[in-house]
Amino acid sequence: MSPPPPAAGLPAAPTPTRAERLERLATETFDVLVIGGGALGASTAWAAARAGARVALVDGGDAAGATSSASSKLVHGGLRYLGLGDVKLVREAHRERRWNARLVAPHLVRPLQFILPVGAETPHRPAEIRLGVFVYAALSGFRDGRTGRVRPGEAFALAPGLRRDMERTFVAYHDHQTDDARLVLAALRTAELLGAVWLNYARVESLRITAGTVSGADVVDVVSGARFAVSARTVVNATGPWVDHIRRLEDPGAAASVRLSKGAHLVLESSEPWHAAVTSPLPEGRVSFAIPWHGLLLLGTTDEPFEGDPATVRPTDADQAQILAEAATSLAPDVVSPARVRSAFAGLRVLPLGGTSTAGTRRETVVTVGKAGMISVAGGKLTTWRRIGVDVATRALASIQRPLPDTHPAPLVGAADPDAVREELQRRYPELPEGSAAHLAGLYGALAYDVLEPARREPQLYEPIVPGGPDVLAQARYAVEHEAAITADDILRRRTTVALRGFEAEGRLRVAPFLPDRTVSPDEAPVR
Ligand SMILES: Cc1cc2nc3c(=O)[nH]c(=O)nc-3n(C[C@H](O)[C@H](O)[C@H](O)COP(=O)(O)OP(=O)(O)OC[C@H]3O[C@@H](n4cnc5c(N)ncnc54)[C@H](O)[C@@H]3O)c2cc1C
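Residues numbered from 1 in each chain as written. Predicted model: local features only at pLDDT ≥ 70, side-chain atom pairs only at ≥ 80, totals over all residues. Heavy atoms only, no water.

Asker: Requested: an account of helix 13 (residues 448-457), with residues and values cited.
Answerer: Of all 10 residues that make up helix 13, 7 are buried, and the element is covered over most of its length. For helix 13, the set of buried residues is Ala448, Tyr449, Asp450, Val451, Leu452, Pro454 and Ala455. Where helix 13 is buried, its residues touch helix 11 (418-428), helix 12 (436-444) and helix 14 (473-482). (Buried < 20%, exposed > 50% of the residue type's maximum accessible area, 1.4 Å probe, protein only. Helix = DSSP H or I, 4+ residues; strand = E, 2+ residues; numbered from the N terminus. Contact = heavy atoms within 4.5 Å.)

Asker: Which residues make up the environment of Ala138, and what values do they have?
Answerer: Within the secondary structure layout, Ala138 lies in helix 5 (residues 126-139). Taking the C-alpha atoms as reference, Ala138 lies 33 Å from Pro305; in sequence the two are 167 residues apart.

Asker: Run through the layout of surface pockets, naming residues and quoting values.
Answerer: Approximately 520 Å³ is the volume found for the second largest pocket. Elements with a contribution of two residues or more to the lining of the second largest pocket: strand 4 (110-118), strand 13 (287-293), strand 14 (296-300), helix 11 and helix 12. In terms of residue count, the dominant contributor to the lining of the second largest pocket is helix 12 (5 residues). Of the residues in the lining of the second largest pocket, the class split is 12 nonpolar, 7 polar and 4 charged. (1 Å grid on protein atoms, 1.4 Å probe; cavity = no way out; pocket = protein on both sides within 12 Å on 5 of 7 lines; lining within 4 Å. Points joined across faces, edges and corners; volume = space filled by probe spheres on them. Nonpolar A, V, L, I, M, F, W, Y, C, P; charged D, E, K, R; others polar.)

Asker: Got a sec to walk through the environment of Glu128? Specific residues and values, please.
Answerer: Summarising the element assignment, Glu128 is placed in helix 5. Along the primary structure Glu128 and Val118 are separated by 10 residues, whereas in three dimensions their C-alpha atoms are 10.0 Å apart.

Asker: So what about the pairing of strand 4? Which residues, and what values?
Answerer: Across the 9 residues of strand 4, 7 count as buried, placing the element largely inside the fold. Direction of pairing for strand 4 relative to strand 6 (residues 169-177): antiparallel, over a ladder of 9 bridges. Pairing of Pro111 across the sheet is with His176, part of strand 6. When strand 4 meets strand 12 (residues 276-281), the two strands line up parallel, connected through 3 bridges. Bridge pairing links Ile115 to Val278 in strand 12. (Pairing = 2+ DSSP bridges.)

Asker: Which residues make up the pairing of strand 11 (residues 258-269), and what values go with them?
Answerer: Within strand 11, 10 of the 12 residues are buried, which leaves it mostly tucked inside the rest of the structure. Looking at chain direction, strand 11 and strand 16 (residues 341-352) are connected through 11 bridges and run antiparallel. If you follow Leu260 over to strand 16, its bridge partner there is Val350. Note that strand 11 and strand 15 (residues 304-306) share 3 bridges and pair antiparallel. Across the sheet, Lys262 pairs through a bridge with Glu304, a residue of strand 15. Of the strand pairs in this sheet, strand 11 and strand 14 are connected by 5 bridges, and their pairing is antiparallel. Paired with His265 across the bridge in strand 14 is Gly300.

Asker: Help me get a handle on the confidence of the model for the chain, residues and values and all.
Answerer: Predicted confidence across the chain gives a mean pLDDT of 92, with 94% of residues reaching 70 or more. Note on residues 1-10: pLDDT is under 50 here. Beyond four places in sequence and across chains, it has 20 contacts. Scored below 50 in pLDDT, residues 522-528 makes 18 contacts in the model with residues more than four places away or belonging to other chains. (pLDDT = per-residue confidence, 0-100.)

Asker: Account for a nonpolar patch on the surface, naming residues and giving values.
Answerer: Nonpolar side chains collect at one region of the surface, where Leu131, Phe134, Val135 and Phe142 lie side by side and expose about 400 Å² of accessible area between them. Along the chain, the position of Leu131 falls in helix 5. Take Leu131: its relative accessible area is 55%, and that puts it in the exposed class. (Patch = residues over 30% accessible without salt bridge, like charges linked within 9 Å, V, L, I, M, F, W, Y side chains within 5 Å. Areas by Shrake-Rupley, 256 points an atom, 1.4 Å probe, with all protein chains shown as cover. Salt bridge = Lys/Arg side-chain N within 4 Å of Asp/Glu carboxyl O.)

Asker: Got a sec to walk through unusual backbone geometry? Specific residues and values, please.
Answerer: Cis geometry marks the peptide bond from Gly300 to Thr301, where omega comes out at 10°. Look at Ala64: it is not a glycine, yet its phi comes out positive at around 60°. Mapping Ala64 onto the fold places it in the loop between strand 2 (55-58) and strand 3 (74-75). One non-glycine residue, Glu284, adopts positive backbone phi at about 60°. By the secondary structure assignment, Glu284 is in the loop between strand 12 and strand 13.

Asker: Help me get a handle on the nonpolar core, residues and values and all.
Answerer: Trp385 and Leu412 are the most contacted members of the largest nonpolar core, which has 48 residues in total. Listing elements by their share of this core, those giving two or more residues are strand 1 (29-35), helix 2 (39-50), strand 2, helix 4 (87-104), helix 7 (180-193), strand 18 (375-379) and helix 10 (385-399). The residues touching Leu412, leaving out its near neighbours within four places in the chain, are Trp46, Val104, Ala105, Leu183, Ala186, Ala187, Thr190 and Trp385. (Core = buried A, V, L, I, M, F, W, Y, C linked by side-chain atoms within 4.5 Å.)

Asker: Pulling in residues and values, what's your account of the site of the ligand?
Answerer: If you check the shell around the ligand, you find 39 residues, and the closest are Asp59, Thr67, Ser68, Leu74 and Thr383. Gly60 places a polar main-chain atom, nitrogen or oxygen, 2.9 Å from a nitrogen atom of the ligand. In the environment of the ligand, a nitrogen atom lies 2.7 Å from a nitrogen or oxygen atom belonging to the backbone of Leu74. In the complex, the protein chains occlude 96% of the 1,000 Å² of accessible area that the ligand would expose alone. Sorting the residues of the shell around the ligand by element identifies helix 2, strand 8 (202-210), strand 11 and strand 16 as the ones contributing at least two each. For the shell around the ligand, a count of residues per class yields 16 nonpolar, 18 polar and 5 charged. (Near = heavy atom within 4 Å. Polar contact = N/O pair within 3.5 Å; in protein donor to acceptor, adjacent residues only side chain to side chain.)

Asker: Quick rundown of the packing of helix 11 against helix 12? Include the residues and the values.
Answerer: Between two packed helices, both the angle of their axes relative to each other and the distance between the axes serve to describe the pair. Two elements in contact, helix 11 and helix 12, have axes separated by 8 Å at closest approach and are oriented at 135°. By the angle between their directions, the pair helix 11 and helix 12 is classed as oblique. The handedness of the crossing between helix 11 and helix 12 comes out as right-handed. Where helix 11 approaches helix 12, its residues Pro418, Val421, Arg422, Leu425 and Gln426 are matched on the opposing element by Ala437, Ala438, Leu440 and Ala441. A class-by-class count of the residues in the contact of helix 11 with helix 12 yields 7 nonpolar, 1 polar and 1 charged. (Axes fitted to C-alpha atoms, helices over the stretch in contact; angles between N-to-C directions. Parallel < 35°, antiparallel > 145°, perpendicular 65-115°, else oblique. Left-handed = near helix turned anticlockwise from the far one by under 90°.)

Asker: Before we move on, could you go through the pattern of salt bridges and cite the residues and values that matter?
Answerer: A full pass over the atoms with the stated rule returns 38 salt bridges. In this structure, Arg97 engages Asp144 in a salt bridge whose closest nitrogen and oxygen atoms are separated by 2.7 Å. A residue pair is termed long-range when its members are at least 10 positions apart, and Arg97 in helix 4 and Asp144 in the loop between helix 5 and strand 5 (148-150) qualify at 47 residues. Arg208 is paired through a salt bridge with Asp218; the nearest N and O atoms lie 2.8 Å apart. Here Asp218 lies in strand 9 (residues 213-221) and Arg208 lies in strand 8, a separation of 10 residues in the sequence. Arg208 gets classed as partly exposed once you look at its relative accessible area, which sits at 39%. Here the salt bridges share partners, and the residues they tie into one network are Asp31, Arg54, Arg233 and Arg402.

This is the structure:
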């Protein structure tokens, strides 16, 4: 299987306006209503739309505004899950990882080498780690390049922040990384091109139940405050940490189906380019990742039981202290200095009930069917998002006797070889700042041409959103006109990398002229 050629990437139909989306939602009858526009909702909508079903999706906040923009951004087999004995999950995750990288979104899912430092005080012996990495590579058919022991000099060249003051064995393996929120957006736009309608800032407040069967939902448009109903033959609840809240709209007596665990990350500036990530083994089977991400360093993550309101999850000073301390087991002190922290974010894992510690709980997908037939799905991994979506769409469409989805992977809109797109961008748009061509090719694939086309007429759109950064103003225009962005946060945090680089305040001023007239404040938006 070789990467597909650069796709034309041009949406066949004009992007609907918010008013047009609202009109459709309020007037049509859908086969499937998906509640929640994170990875699982988006993939379910995409799979159902591919099957020819009439699909609607609503999210109470922004698309990917919750867990699906707060992950470690890895598309990985999950080396540490081998330690939990989850061979099936690892094998499936490897398979999905390859499909994502080769076919579904080669521009968004990029290969990444990992270095695992092992020393006397780490929880596993070098021989154990080497065996684990061998089994891990075997489960992916040894298709990802060289694994096993690497010399210290090579490890330091790949990951220059590694500590050099301790006796260590270095073991290499391979996975992929992505831009989680952009992957979700690409799936939503692909579903849209297949006829689905999706709307952000549209919160489900109650479910409609007709003759004992769920038949739609009552929704509030968070932007205008208007209320409307969406009619559907079946409903999928893909609301991540809110999954039980929505289940109780169907059945107030429904018992809890999941528990939550908070994970925080830090984004640090990096003075040198890194060519590999570092996985530091920690006690209780946990790991600390240091991942090169768009010229920055992503550190994380924590794993703490969480029982509060999911809308209130935030990174804290204690999270920062823990993440830096755990990273310091493998990285040099100046690399993990608090002064280098540019931004932080936190999200909630949805885990099956039972088990012991949250870290030791298997990352299984939890699927339940409620009294009125609503299918709820939560948990799992971003890595297996496509497969989970196909399975859920299959259940939903089978329940209403509609044709079932194709289980074979397909490319998302914009899927393209990022190097080919970068070269073409440099040729077509020589005014584009250096570094932005590769950046845009990675975020948008073949849709990057659409992003930049208006800049031919309005050259100020080539300007960086913040000085020195690779994101350009054309992305702000595109986010509002084609990607349903409404707030500055939508643009800076999920459609570009500006906020994670730590330039939120400057970014807000720069993108303000592009925002729609009536904007919700980010505080207004989170689902409660
Ligand atoms: C710290 C952390 C790190 C992770 N790292 C990785 C990783 O590196 N690789 C990997 O494969 N997986 C990772 N995961 C797991 C992965 O992020 C999740 O499996 C995935 O994002 C879950 O997506 P989701 O769609 O189920 O939930 P979410 O993304 O949370 O989406 C749920 C959506 O439902 C919406 N919603 C809620 N209530 C309503 C309502 N009433 N009406 C309408 N909409 C509503 C929310 O606004 C939200 O957008 C990580 C998870 C965490 C927490």
